[in-house]
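Here is how the chains run, residue by residue.
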Amino acid sequence: QVQLVESGGGLVQPGGSLRLSCAASESIFSIYDIGWYRQGPGKQREVVAGITSITSGGYTTYVGSVKGRFTISRDNAGKTVYLQMNSLKPEDTAVYYCNAVHRQQRMYNYWGQGTQVTVSS
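Residues numbered from 1 in each chain as written. Predicted model: local features only at pLDDT ≥ 70, side-chain atom pairs only at ≥ 80, totals over all residues. Heavy atoms only, no water.

## Considerations on the environment of Val 47
Mapped onto the elements of the fold, Val 47 is located in strand 5 (residues 46–51). Using a relative accessible area of 41% as the deciding quantity, one classes Val 47 as partly exposed. Each C-alpha atom of the pair Val 47 and Ser 87 lies 19 Å from the other, and the pair is 40 residues apart in sequence. Not counting residues within four places of it along the chain, the set of residues in contact with Val 47 comprises Trp 36, Tyr 37 and Val 63. (Helix = DSSP H or I, 4+ residues; strand = E, 2+ residues; numbered from the N terminus. Buried < 20%, exposed > 50% of the residue type's maximum accessible area, 1.4 Å probe, protein only. Contact = heavy atoms within 4.5 Å.)

## Quick look at the sheet that holds strand 1 (residues 4–7)
With antiparallel pairing, the four strands of this open sheet are ordered in space as 1-3-8-7. Looking at strand neighbours, the two that pair on one side only are strand 1 and strand 7 (70–74), the edges of this open sheet. On average, adjacent strands in this sheet sit at an angle of 15° to one another, irrespective of strand direction. Note: strand 1 against strand 3 (residues 18–24), four bridges, orientation antiparallel. For Ser 7, the partnering residue across the bridge sits in strand 3 and is Ser 21. (Pairing = 2+ DSSP bridges. Axes fitted to C-alpha atoms, helices over the stretch in contact; angles between N-to-C directions.)

## A closer look at the packing of aromatic side chains
In total, this model carries three aromatic pairs according to the counting rule given. On the basis of an interplanar angle of 80° and a centroid distance of 6.5 Å, the ring pair of Tyr 97 and Trp 111 is categorised as edge-to-face. Of this pair, Tyr 97 sits in strand 9 (residues 94–102) while Trp 111 sits in strand 10 (residues 109–111), placing them 14 residues apart in sequence. Of the residues examined, Trp 111 reaches a relative accessible area of 37% and is grouped as partly exposed. By way of ring pairs, the aromatic residues Tyr 37, Tyr 97 and Trp 111 are connected into one cluster. The aromatic ring of Tyr 82 is capped on one face by Arg 19, whose charged end is 4.1 Å from the ring centroid. (Phe/Tyr/Trp six-rings, centres within 6.5 Å; stacked < 30°, edge-to-face > 60°. Lys NZ or Arg CZ within 6 Å of the ring centre and 35° of its normal.)

## Structural notes on the state of the cysteines
Applying the stated criterion to the full structure yields one disulfide. Paired by a disulfide, Cys 22 and Cys 98 hold their sulfur atoms 2.1 Å apart. Judged by the sign of its S-S torsion, about -75°, the bond between Cys 22 and Cys 98 is left-handed. A residue pair is termed long-range when its members are at least 10 positions apart, and Cys 22 in strand 3 and Cys 98 in strand 9 qualify at 76 residues. Among the residues examined, Cys 22 registers a relative accessible area of 0% and is labelled buried. In this structure Cys 98 comes out as buried when scored by relative accessible area, which is 0%. (Disulfide = S-S within 2.5 Å.)

## Some points on the pattern of salt bridges
All told, the structure shown has five salt bridges when counted by the stated rule. Between Asp 92 and Arg 38 there is a salt bridge, with the nearest N and O atoms lying 2.9 Å from each other. Within this pair, whereas Asp 92 is found in the loop between strand 8 (80–85) and strand 9, its partner Arg 38 is found in strand 4 (residues 32–39), the two being separated by 54 residues in sequence. Since its relative accessible area comes to 5%, Arg 38 is described here as buried. Sharing partners across several salt bridges, the network here consists of Arg 38, Glu 46, Arg 69 and Asp 92. (Salt bridge = Lys/Arg side-chain N within 4 Å of Asp/Glu carboxyl O.)

And the structure:
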């Protein structure tokens, strides 16, 4: 059972930056696709950014509202994925979740507990 733990959330002023981390209990990112999702107040959960497994080329994707502001990356050890968030806006306020899905065996699907990001002056 893979465990994911997010950290790095907090309160930040509009225009500020935060870096979220998603730490896995095992070195899985070579064969898992990783996604950052968020769920704002009264909203459905949405995907924010994704990165494919190392064996699949490590391609990144972003939802339109965060392109150019957010960057997803991972460390070489394959156990931590980051979400660098710049130029934060109040509408970025949400609980951010990390998700890991096995590249071939999609039934292996894990979620972290989430970390709160609040953008407010």
